[in-house]
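# Reading the structure
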Amino acid sequence: LIRANPDQVRQYEEALATNIVSLMRSCPQEAVSTRKELLVSTRHILATDFKKGFFRHVDAMLDERILVGHLRSSAEQRSLSPLGYSTLADLIHHVRSRLSPAQMSRVVRIYSRVLHDVSMNMPLSMKITAVKLLLHLVDQIFNNKDPNPQVGRDLLNRILAAFVQKFTVIKGRVPALMEVVEKEIEEQKVINGASDSEEKKTRSPPAYGVLNADGDVYDGSITSSPTATLRDIQSLLRPMLHGIRTIIWCINGYGHQREKERKKSISAGEEQFPLPAFVTTKENDEVNSAMLKMTFGERELVHEYIMSGLPCLKVFLLNVDPDKEESLASSKSSPSMLRKEMIDAFAASFTFFDSFNFRRVIAPNLPFFMNEMDKDEDMVGIFRALLLSSGKSVSYEFSEVLVTFLMENISDVGIYDAVDAESKQPVKLSIRSRNMSKLFNLAFASLTKYPKNEAALLPHLQKLIIECSRRSMKEPAVLLPGPYLNLLRSMFRIITSGKFEASYKELIPLIPTILNGFYRIYNATDDEALRFMIVELILTVPSRLSVLLPHLPLLVNIIIPALQSCQGELVNLGLRTLEFWVDNLHPDFLFPIIAHHRATLCQLMVSLTNHLQPAPYPYGLLCLRLLGKLGGKNRLFLQEIMSLDDEQSDSIPPGNSSLAIHCEWDKASSDIEQPASFSLQLPLERAVEALRCVAKSPTYVSGDATSLLPLHVSDQDMYVQRLFTEKAEMLDLNSFASELMQQTKLDQVTSAFAVIRAALASVLDVPTDN
């Protein structure tokens, strides 16, 4: 009738609503069906344009004695509760902007009880409606116009307390629920894995106790399955997790909002919120607490929310699809998008605190966060959200709190929980150790996005490096490089890439200790992985080049194994570092350091030459550009002697005739039994070294051609006789010594050429007489 003839019924809009409310008031308590019809009719009217007639009857509808009656002992009477509360929710949804603080208080009381109602006649949909209705009131409470600001603050606290208490109730039931659901998943795996289809049909469903959305266990008479119960709890927790973020924001900004509106009204020339005569902002503690950011009681509520809400996130481990029950078996393989969303929503609840309240809420609860993270590694998303996605202000505060906590428990980074039965050595890091490393890495990564966080790390920087260096050497040798060296590598990479000047200055006193200590470790170990780690740490130590100049010879010795390594990142680091030196240092300063030792120069240039490869080799062009910047100085190593590397030396058999002389004993000249033959290795290195020394001598080419003849034994006797027969005053000792040394050099060169000639003749199979 209303929908068909709206114009004719319009004049009876107020009377219609008034009569319906009167009928509810006068309806006998036993007439359950009549009251039910009235409630259904009211819901239909509230869905039309005639709902405005009920707006002035909100007080009557908020009276539960009128809405659902006095007696609710029978099941039929109790069934009126969901219908009555849903009808009232529809009405409040339309008039929420007109509600007075007293009416909002009654709404909060009614629907808080609905949220905590554990009776079986209260469906989950009604609880979700209660949550949403309370959240819709939050904005109205935040902008209320009551003269006493404490009224709105108390309503917000009551809503927050109702939600937190619900989390506390669900928290105690989550382990039992998850156990039941796990059993159902295992049963489903068995059913899905059965080969006989008839066996699937005849197999009965598991008879587990079922939990409702409030976590109460029943004896199995309820038809809903544990999977459906889990899905219901997820549906209930989602709006609560998102809503608490809004409630905390309103509580934290309530005083500022009231003060802003007060100043606005004063500037307009009239007091919009006049305080009663019995209330003064100076003497009344209630008003003073309403204008604070966060009170002690509110911080306690947030603490309870952390202790109860975090364990409740476990229900999102399983992504339950209502259309595909078979998805349960694989739902735990990876965290779902829903779970990530809920973890982010939980973390976002703490992003609205000021510095004072943030530290007092988060810092005492960090051990609890760590314990929960040890049980579920996905909880690292809370730390990630607060450090990387919460804004620079919250990120700085959390970074300072977190780094302080991590430094107090840095010994947990090296905890091992698996031990080899034979060697009794630890072989696996514990979960706590891995989580501590993750949190350190997140704290370092936040420096890249929020450079202001450097101030949070700066007071702990020296201690962190000293502790990691000291503890890394106490780890089992089989597990090196361990977690402490990995922490140092992550920190060095972040600080070096970000150009953090304050950190550079903080580390200046430690640079000699870091470089010399790591270099000693490099020389003392044969473990390839550890040596590569040490090389990377030395090359990425956070410091300006001017501070590293006194240690440049050490760095040159370290850059060679970096270029010789097979790890792409290490090769790239070595090339970039060497190019940085060439670009920023004068050649007359840099090249003498590189060429100070012949072996160092040769190894460096050979390592660079090995990387001169065409595309698709990634470092060929970079190496070519680097050699070009050397300006031809790289060719000076061509006159140096390059020794064979280990692989080439090992490939030559020890008895190779090309590098050895075969000798045989004359058995007739000796009575002692000895091997018939033996070999003498040709002193090629000594021969080449002799030729090199002579080639570098500036006086070798002096004199005529006759002075270049070999020095024979008879000539040596002549020099000896001359030394002892000539008078001392007639003998020029300097000229005599110079001439003798020159002849000795020539004799050594002749012998060296003879050795090399014999080796080449043997290799090329050429007769030595030719």
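All figures in this text were calculated on a predicted structure; none of them were measured in a lab. (Residues numbered from 1 in each chain as written. Predicted model: local features only at pLDDT ≥ 70, side-chain atom pairs only at ≥ 80, totals over all residues. Heavy atoms only, no water.)

## Some details on the overall build of the protein
What the protein contains, in helices and strands, is 36 helices and four strands. Here the protein, with 770 residues, has 44% of them falling under the buried criterion. In the protein, the proportion of contacts linking residues at least 24 apart, taken out of those at least 6 apart, comes to 72%. Summed over all atoms, the accessible surface of the protein reaches about 40100 Å², with 55% contributed by carbon and sulfur. (Helix = DSSP H or I, 4+ residues; strand = E, 2+ residues; numbered from the N terminus. Buried < 20%, exposed > 50% of the residue type's maximum accessible area, 1.4 Å probe, protein only. Contact = heavy atoms within 4.5 Å. Areas by Shrake-Rupley, 256 points an atom, 1.4 Å probe, with all protein chains shown as cover.)

## Things to note about the packing of helix α7 (residues 80-95) against helix α9 (residues 124-142)
Packed helix pairs are specified by the crossing angle of their axes together with the interaxial distance, meaning the distance between the axes. Axis separation between α7 and α9 bottoms out at 11 Å; the angle between their running directions is 25 degrees. Between α7 and α9, the angle falls in the class roughly parallel. Crossing geometry of α7 relative to α9 is assigned as left-handed. Across from Pro-82, Tyr-85, Ser-86, Ala-89, Ile-92 and His-93 in α7, the residues of α9 making contact are Met-126, Thr-129, Leu-133 and His-136. In terms of residue class, the contact of α7 with α9 is made up of six nonpolar, four polar and no charged. (Axes fitted to C-alpha atoms, helices over the stretch in contact; angles between N-to-C directions. Parallel < 35°, antiparallel > 145°, perpendicular 65-115°, else oblique. Left-handed = near helix turned anticlockwise from the far one by under 90°. Nonpolar A, V, L, I, M, F, W, Y, C, P; charged D, E, K, R; others polar.)

## Thoughts on helix α28 (residues 552-564)
Here α28 is 13 residues long and its end C-alpha atoms lie 19 Å apart, about the 18 Å a rise of 1.5 Å per residue gives. Within α28, the full set of buried residues consists of Leu-552, Leu-554, Leu-555, Val-556, Ile-558, Ile-559, Ile-560, Pro-561, Ala-562 and Leu-563. The inward-facing, buried residues of α28 contact α25 (511-524), α26 (528-539), α27 (545-548), α29 (568-584), α30 (587-594) and α31 (598-610). (Expected span 1.5 Å × (residues − 1).)

## Comments concerning the nonpolar core
Counting residues in each nonpolar core, the largest one holds 190 residues, and the members touching the most others are Tyr-111 and Trp-581. No other element matches the 14 residues that helix α10 (residues 149-193) contributes to this core. Residues within four places of Tyr-111 in sequence aside, it is in contact with Tyr-85, Leu-88, Ala-89, Ile-92, Met-126, Ala-130, Leu-133 and Leu-134. Counting six residues, the second-largest nonpolar core is a separate cluster that includes Leu-691, Val-749, Ala-752 and Val-755. (Core = buried A, V, L, I, M, F, W, Y, C linked by side-chain atoms within 4.5 Å.)

## Some remarks on unusual backbone geometry
Among all residues except glycine, the phi angle is most often negative; among peptide bonds, the trans geometry is most common. Residue Pro-616 is reached from Ala-615 by a cis peptide bond, and omega for that bond is 15 degrees. The residue Pro-616 is located in the loop between α31 and α32 (620-629) in this model.

## Considerations on the environment of Arg-56
Structurally, Arg-56 is set in the loop between α3 (32-46) and α4 (58-61). On the accessibility criterion, Arg-56 (58% relative accessible area) is exposed. Taking the C-alpha atoms as reference points, Arg-56 and Thr-18, 38 residues apart in sequence, are found 9.1 Å from one another. Residue contacts for Arg-56: discarding those within four places in its chain leaves Glu-14 and Thr-18.

## As for the pattern of salt bridges
All told, the structure shown has 28 salt bridges when counted by the stated rule. Between Glu-467 and Arg-470 there is a salt bridge, with its nearest N and O atoms 2.6 Å apart. Within this pair, Glu-467 and its partner Arg-470 are both found in helix α22 (residues 461-472), separated by three residues, close to a single helical turn. With a closest N to O distance of 3.2 Å, Asp-583 and Lys-629 form a salt bridge. Here Lys-629 lies in helix α32 and Asp-583 lies in helix α29, a separation of 46 residues in the sequence. Via salt bridges that share partners, Arg-576, Glu-579, Asp-583, Arg-625 and Lys-629 belong to a single interconnected network. (Salt bridge = Lys/Arg side-chain N within 4 Å of Asp/Glu carboxyl O.)

## Looking at the packing of α28 against α29
Running from N to C, α28 and α29 cross one another at 145 degrees; their axes reach a closest spacing of 8 Å. Two packed elements cross with a definite hand, and for α28 against α29 that hand is left-handed. Contacts from Leu-552, Leu-555, Val-556, Ile-559, Ala-562 and Leu-563 in α28 reach Leu-570, Val-571, Gly-574, Leu-575, Thr-577, Leu-578 and Trp-581 in α29. In the contact of α28 with α29, the residues fall into eleven nonpolar, two polar and no charged.

## Examining a nonpolar patch on the surface
On the surface, Leu-612, Leu-621 and Leu-624 cluster together into a nonpolar patch covering about 300 Å² of accessible area. Among the secondary structure elements, Leu-621 is positioned in helix α32. Looking at Leu-621, the relative accessible area reads 64%, which means it is exposed. (Patch = residues over 30% accessible without salt bridge, like charges linked within 9 Å, V, L, I, M, F, W, Y side chains within 5 Å.)

## Remarks on the packing of aromatic side chains
Inspection of every chain in the model, using the stated rule, returns 13 aromatic pairs. For the pair Phe-142 and Trp-249, a centre-to-centre distance of 5.3 Å together with 45 degrees between the ring planes defines the contact as tilted. Of this pair, Phe-142 sits in helix α9 while Trp-249 sits in helix α12 (residues 226-267), placing them 107 residues apart in sequence. Since its relative accessible area comes to 7%, Phe-142 is described here as buried. With a relative accessible area of 43%, Trp-249 lands in the partly exposed category. Ring geometry for Phe-440 versus Phe-444: centroids 6.0 Å apart, planes at 35 degrees, classification tilted. (Phe/Tyr/Trp six-rings, centres within 6.5 Å; stacked < 30°, edge-to-face > 60°.)

## A look at the confidence of the model for the protein
In the predicted model, the protein carries a mean pLDDT of 79, and 75% of its residues have values of at least 70. Confidence drops under a pLDDT of 50 for residues 699-714, and excluding neighbours within four residues, the segment shows 23 contacts in the predicted structure. (pLDDT = per-residue confidence, 0-100.)

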